[in-house]
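Structure assessment
These are the residues of each chain, in order.
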Amino acid sequence: MNTVHLQYIIEIERTRSISQAAENLFIGQPNLSRILHEMEKSVGFAIFERSSKGARPTERGAVFLQHAKSILRELEQIDALGPRNPVPNRLRVCIPRSAAIFDATAVYLAQLEQQSLDAVIRECHARKALELLQGGEAELGVIRFRAEYRDYFEEQSRSRGLSVQILSRYRYQLVMHKSHPLAQNQSISRSELTAFPEIVHGDNFRIAGKSEELQRRRIYSVDRMSQVALLEKIPGSYMWSSPMPLNTLERWNLIQRRCGEYPTAYHDALLYYPHYMMTEIESGFVQMVQRLYAGQKTI
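Residues numbered from 1 in each chain as written. Predicted model: local features only at pLDDT ≥ 70, side-chain atom pairs only at ≥ 80, totals over all residues. Heavy atoms only, no water.

**Considerations on the overall build of the protein**
The test is simple: Where helices and strands are cited, they refer to DSSP runs of H or I of at least four residues and of E of at least two residues respectively, numbered from the N terminus. We call a residue buried when its accessible area falls under 20% of the maximum for its residue type, exposed when it is over 50%, and partly exposed in between, using a 1.4 Å probe and counting protein chains only. Computed by Shrake-Rupley with a 1.4 Å probe, the accessible areas treat only the displayed protein chains as cover when residues are assessed. His residues and chain termini do not enter the charge count, which takes Lys and Arg as positive and Asp and Glu as negative. Charge positions are represented by NZ for Lys, CZ for Arg, CG for Asp and CD for Glu.
Along the backbone of the protein there are 12 helices and 12 strands. Dimensions of the protein, computed from the C-alpha atoms along their principal axes, are close to 70 × 50 × 40 Å. Each of the 299 residues in the protein was classed as buried or not, and the buried ones make up 42%. Of the accessible surface of the protein, which amounts to about 17300 Å², a share of 49% is contributed by carbon and sulfur atoms. Taken together, the 38 basic and 33 acidic charged side chains of the protein have centroids lying 4 Å from each other.

**Remarks on the pairing of strand β1 (residues 48-51)**
Note the following rule: Only strands joined by at least two bridges in the DSSP assignment are considered to pair.
Bridge count between β1 and strand β2 (residues 54-57): four bridges; the pairing is antiparallel. Along β2, the bridge assignment pairs glutamate 49 with arginine 56. Taking the residues that link successive antiparallel strands as the turn, the β1-β2 hairpin has two residues.

**Side note on the confidence of the model for the protein**
Operational definition: As a per-residue measure, pLDDT reflects the predictor's confidence and takes values from 0 up to 100. Residue contacts are counted whenever heavy atoms from the two residues lie within 4.5 Å of one another.
Averaged over all residues, the pLDDT of the protein equals 87, while 91% of them reach at least 70. Across residues 204-208, where pLDDT falls below 50, the model places six contacts with residues more than four positions away in sequence or in other chains.

**Points about the sheet that holds strand β4 (residues 118-123)**
Formally: Axis definition: a line fit to C-alpha positions, over the contact stretch in the case of helices; interaxial angles, taken between N-to-C directions, run 0 to 180 degrees.
The strand order across the open sheet built from five strands is β4-β3-β5-β12-β6, with neighbouring strands paired in mixed fashion. At either end of the open sheet lies a strand with only one pairing partner, and these are β4 and β6 (163-171). Across the sheet, the axes of successive neighbouring strands diverge by a mean angle of 15°, strand direction being ignored. Of the strands in this sheet, β5 (140-146), β6 and β12 (265-272) touch helix α7 (residues 150-159), which is tilted by about 155° from β6.

**With respect to the nonpolar core**
To keep it simple, the criterion reads: The definition of a nonpolar core used throughout is a set of buried Ala, Val, Leu, Ile, Met, Phe, Trp, Tyr and Cys residues joined through side-chain atoms within 4.5 Å.
Core analysis: the biggest nonpolar cluster contains 19 residues, and Ile9, Ile12, Leu32, Leu36, Ile47, Phe48 and Phe64 have the highest contact counts within it. Elements with a contribution of two residues or more to this core: α1 (3-15), α2 (18-25), α3 (29-43) and α4 (59-81). Looking at this core element by element, the count peaks at five residues for α1. Every residue in contact with phenylalanine 64, bar those within four places of it in the chain, is listed here: Met1, Leu6, Ile9, Met39, Val43, Phe45 and Ile47. With 17 residues, the next largest nonpolar core counts Cys124, Ala138, Val164 and Ala269 among its residues.

**Describing the packing of aromatic side chains**
Our working definition: When the centres of two rings from Phe, Tyr and Trp lie within 6.5 Å, Trp using its six-membered ring, the rings pair. Their planes under 30 degrees apart give stacked, over 60 give edge-to-face, and anything left gives tilted.
Enumeration over the complete set of coordinates arrives at nine aromatic pairs. Aromatic pair phenylalanine 145 and phenylalanine 153: ring centres 5.0 Å apart, planes at 20°, arrangement stacked. Comparing phenylalanine 145 with phenylalanine 153 shows no difference in burial state: the two are buried. Ring geometry for tyrosine 172 against tyrosine 266: centres 4.6 Å apart, planes inclined by 20°, an arrangement best described as stacked.

**Things to note about empty space enclosed by the protein**
Basically, it comes down to this: Only protein atoms enter the 1 Å grid, on which a cavity is a set of points fitting a 1.4 Å probe that cannot get out and a pocket is an open set with protein on both sides within 12 Å along at least 5 of 7 lines, lining residues being those with an atom within 4 Å of a point. Grid points are joined across faces, edges and corners, and a volume is the space filled by probe spheres set on the points. Residues are grouped as follows: Ala, Val, Leu, Ile, Met, Phe, Trp, Tyr, Cys and Pro are nonpolar; Asp, Glu, Lys and Arg are charged; all remaining types, including Gly, are polar.
Applying the stated criterion to the full structure yields one cavity of 30 Å³ or more. Here the largest cavity is characterised by a volume of approximately 50 Å³. If you trace the largest cavity, you find it lined by Ser98, Ala100, Ile101, Arg144, Tyr170, Ser242, Pro243, Asp268, Tyr293 and Gln296. Along the lines of polarity and charge, the residues of the lining of the largest cavity split into five nonpolar, three polar and two charged.

**Section: α7**
The line we're drawing: Directions drawn from the helix axis to the C-beta atoms are what define this arc.
The set of residues buried in α7 consists of Phe153, Glu154, Gln156 and Ser157. In a view along the axis of α7, the buried residues occupy a sector of 165°, so they form one face of it. Looking at the buried residues of α7, the elements they touch are α6 (126-134), β5, β6 and β12. At the C-terminal side of α7, glycine 161 shows a positive phi close to 80°.

**Examining the environment of arginine 160**
Basically, it comes down to this: Throughout this description, a polar contact denotes any pair of N or O atoms lying within 3.5 Å of each other; where both atoms belong to protein, one of them has to be capable of donating a hydrogen while the other can accept it, and for residues adjacent in sequence the pair is counted only when both atoms sit in side chains.
Here arginine 160 lies in the loop between α7 and β6. A C-alpha to C-alpha distance of 37 Å links arginine 160 and alanine 46, two positions 114 residues apart in sequence. Leaving out residues up to four positions away in the same chain, arginine 160 has contacts with Leu130, Gln134 and Tyr273. For arginine 160, the side chain forms a polar contact with the side chain of glutamine 134, separated by 3.1 Å.

What follows is the structure, encoded as structure tokens:
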């Protein structure tokens, strides 16, 4: 069975449309329909039900697609066992959602003199970064996790053949606009925040909780620029964030304050394959990250 054709079938499931899948795959719709027909003839049952609403998996088709995805994941893991070949002028990295790291990465990319640069910067959580690194979609990563899970993430990284370098240990701080009523306080308690709206970074919207939590005003946003706009426009708003560099804060007229009552500690860690021969661009990125964290205070 052609594994490329399995990828085609999975794309049909993802888009729920043969025509849209064909467009995404850069092949003609008649060719994709023929491939699907031959696949269904080979397995002896219909993989999709076609209707005016699109293509949806049949009961057997859904099971078939689960096995197809499993096959492709296993093949990716086999490929990852082989030598990883560096590609000049290419940078594939994963970073946490952090203004400090993103700004430093942007400055680094701007300083590169290569006329051709193929860079992919993915902002994602730690588990997703491990998947991308293992699958060969990224060569380097910076991950963030709660300090209490350090053993788990170190074990998960090393089981994938990755080296782990702990970069920092810190607690989140409060970020607010310079005009915030509490801006003059160098340290702020949680009780002082009760009357102010919180900008929450995340896409998991809370629909239930304790009564006192429901009475608090929270605004959820995953977009960095939206968060900055909210902090500027909504009087008294604040947000929890990892330590941000002074130049980033000044750019958006923000300040950062400590809260001694914030209990959770975090680690940022650098991940890379020890036997991978990094390109000049990749090794430069690693050096940039190490310099960035070398100047940060740890707890």
